[in-house]
Amino acid sequence: MKQTLTVISALTLLSLTLLTSCVGAGNKAENKQKTDKTMKPIELTKEDFLKKVVDYEANPTEWKYFGDRPAIVDFYASWCGPCKMLAPILDELAQEYADSLYIYKVNTEKEQELAAAFGIRSIPTLLFIPVNGEPQMVTGALPKPDLKQAISDILHVK
């Protein structure tokens, strides 16, 4: 009986030690994440889009981009499988091109009017916007090398 009680006490102590170390590691990782300056794609509402990208309501026939660097706008939905596959790639690209490119996201479920204004019928759809010149749309979840090639060719970002 005494031996069983000793084993149970030892296992309890071991469990508490492991639990405490996992909690401590989680807090360290959480603190590190808070101090890292990470770039992520920026979620846009219609109002944000009209201020940061283009005011297509005021100028329906002329494309006048407001940004100071090229941009990619990802039209997506939370339930879309290919959109979910594309999201981490766009996160990586936002990090890699943090100083030379904006990456925006528009949730087509929440911003139906904005999606309709751009004729979005299939998601994901990416809108590549150079600082000067006309934007180009691409439909589908492109692999990272193809996205990097489009960033170079369409947006002229190296």
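Going by the structure above, here's the rest.
The present account deals with the structure reproduced in this document.

Thresholds applied
Per chain, residues are indexed from 1 in the order of the written sequence. Residues qualify for local features only when their pLDDT is at least 70, as the model is predicted, and side-chain atom pairs are given and counted only at 80 or more; totals for whole chains, interfaces and linings, by contrast, use all residues. Remark: hydrogens and water are excluded; side-chain values derive from all non-hydrogen atoms of the structure. Take a side-chain nitrogen of Lys or Arg and a carboxyl oxygen of Asp or Glu: if they are within 4 Å of each other, that pair is a salt bridge. Strands here mean DSSP runs of E at least two residues long; helices mean DSSP runs of H or I at least four residues long; both are numbered from the N terminus. For each residue, the accessible area found with a 1.4 Å probe, counting protein chains only, is set against the maximum for its type, and the residue is called buried under 20%, exposed over 50%, and partly exposed in between. Crossover handedness is defined by viewing with both strands directed away from the observer: a clockwise path from the first strand over the helix to the second marks the crossover as right-handed. Definition used in this section: a nonpolar core is a set of buried Ala, Val, Leu, Ile, Met, Phe, Trp, Tyr and Cys residues joined via side-chain atoms within 4.5 Å. Contact between two residues is taken to exist if any of their heavy atoms lie within 4.5 Å; hydrogens are not considered. A helix is expected to span 1.5 Å multiplied by its residue count minus one. The quantity called bend is, for any residue, the angle between two axes fitted respectively to the seven residues ending at it and the seven beginning at it. Only strands joined by at least two bridges in the DSSP assignment are considered to pair. Interaxial angle, 0 to 180 degrees, is taken between N-to-C directions of lines fitted to C-alpha atoms, where a helix line uses only the stretch in contact. For classification, angles of less than 35 degrees are called roughly parallel, those exceeding 145 degrees roughly antiparallel, those between 65 and 115 degrees roughly perpendicular, and all remaining angles oblique. A clockwise turn of the near helix away from the far one marks a right-handed crossing, whereas an anticlockwise turn of less than a right angle marks a left-handed crossing. Asp, Glu, Lys and Arg are counted as charged, while Ala, Val, Leu, Ile, Met, Phe, Trp, Tyr, Cys and Pro are counted as nonpolar; the rest, among them Gly, fall into the polar class.

1. Observations concerning the pattern of salt bridges
All told, the structure shown has seven salt bridges when counted by the stated rule. Notably, a salt bridge pairs Glu57 with Lys46, separated by 2.5 Å at the nearest N-O pair. Remark: Lys46 occurs in helix α2 (residues 46–52) and Glu57 occurs in the loop between α2 and β2 (71–76); sequence separation between them is 11 residues. A relative accessible area of 45% means that Glu57 is categorised as partly exposed. With relative accessibility at 12%, the residue Lys46 sits in the buried group. Here the residues in one salt-bridge network are Glu92, Glu96, Lys144 and Lys148, joined through shared partners.

2. With respect to the pairing of β2
Counting buried residues in β2 gives six out of six residues, a clear majority hidden from the surface. In β2, alternate side chains face the same way, and those of Ala71, Val73 and Phe75 on one face and Ile72, Asp74 and Tyr76 on the other are all buried. You can see the chain leave β2, run along helix α3 (residues 81–96) and come back into strand β3 (residues 102–107), and the turn it takes is right-handed.

3. Here's the deal with the nonpolar core
Of all hydrophobic cores here, the largest spans 19 residues; its most connected members are Phe49, Val53, Val73, Phe75 and Phe118. Sorting the residues of this core by element identifies α2, β2, β3, α4 (112–117) and β4 (125–129) as the ones contributing at least two each. Beyond its immediate sequence surroundings of up to four residues, Val73 is in contact with Phe49, Tyr104, Val106, Thr125, Leu126, Leu127 and Ile129. Counting residues in hydrophobic clusters, the runner-up holds 18 residues, among them Leu101, Ile103, Phe128 and Ile151.

4. Quick notes on α3
Taking 1.5 Å of rise per residue, the 16 residues of α3 would be expected to cover 22 Å, and the 24 Å separating its terminal C-alpha atoms lies within 8% of that figure. In the structure, α3 departs most strongly from a straight axis at Ala87, where the bend amounts to approximately 25° and where the proline Pro88 lies between one and four residues downstream. Turning to α3, its buried residues number three or more, namely Cys83, Leu86, Ile89, Leu90, Leu93 and Ala94. Among the structural elements, β2, β3, β4 and α5 (144–153) are those in contact with the buried residues of α3.

5. Re the pairing of β4
Extensive coverage of β4 is indicated by the burial of five of its five residues. Residues Thr125, Leu127 and Ile129 point to one face of β4 and Leu126 and Phe128 to the other, with burial holding for every one of them. Relative to β4, β2 is paired through five bridges, and the arrangement is antiparallel. Directly across from Val73, in β4, lies its bridge partner Leu127. Once β4 ends, the chain turns through six residues before running back antiparallel as strand β5 (residues 136–139), passing Gly133 with a positive phi of about 110°.

6. A look at α5
Listed as buried for α5 are Leu147, Ala150, Ile151 and Ser152. Looking at the buried side of α5, the elements it contacts are β2, α3 and β4.

7. What about the packing of α3 against α5?
Across the interface, α3 lies against α5 with an axial gap of 11 Å and an inter-helix angle of 45°. Classed by the angle they form, the pair α3 and α5 counts as oblique. Once α3 is placed against α5, the crossing between them reads as right-handed. Of α5, the residues touching α3 (which contributes Leu86, Ile89, Leu90, Glu92, Leu93 and Glu96) are Lys144, Leu147, Lys148 and Ile151. Considering only residue class, the contact of α3 with α5 consists of six nonpolar, no polar and four charged.

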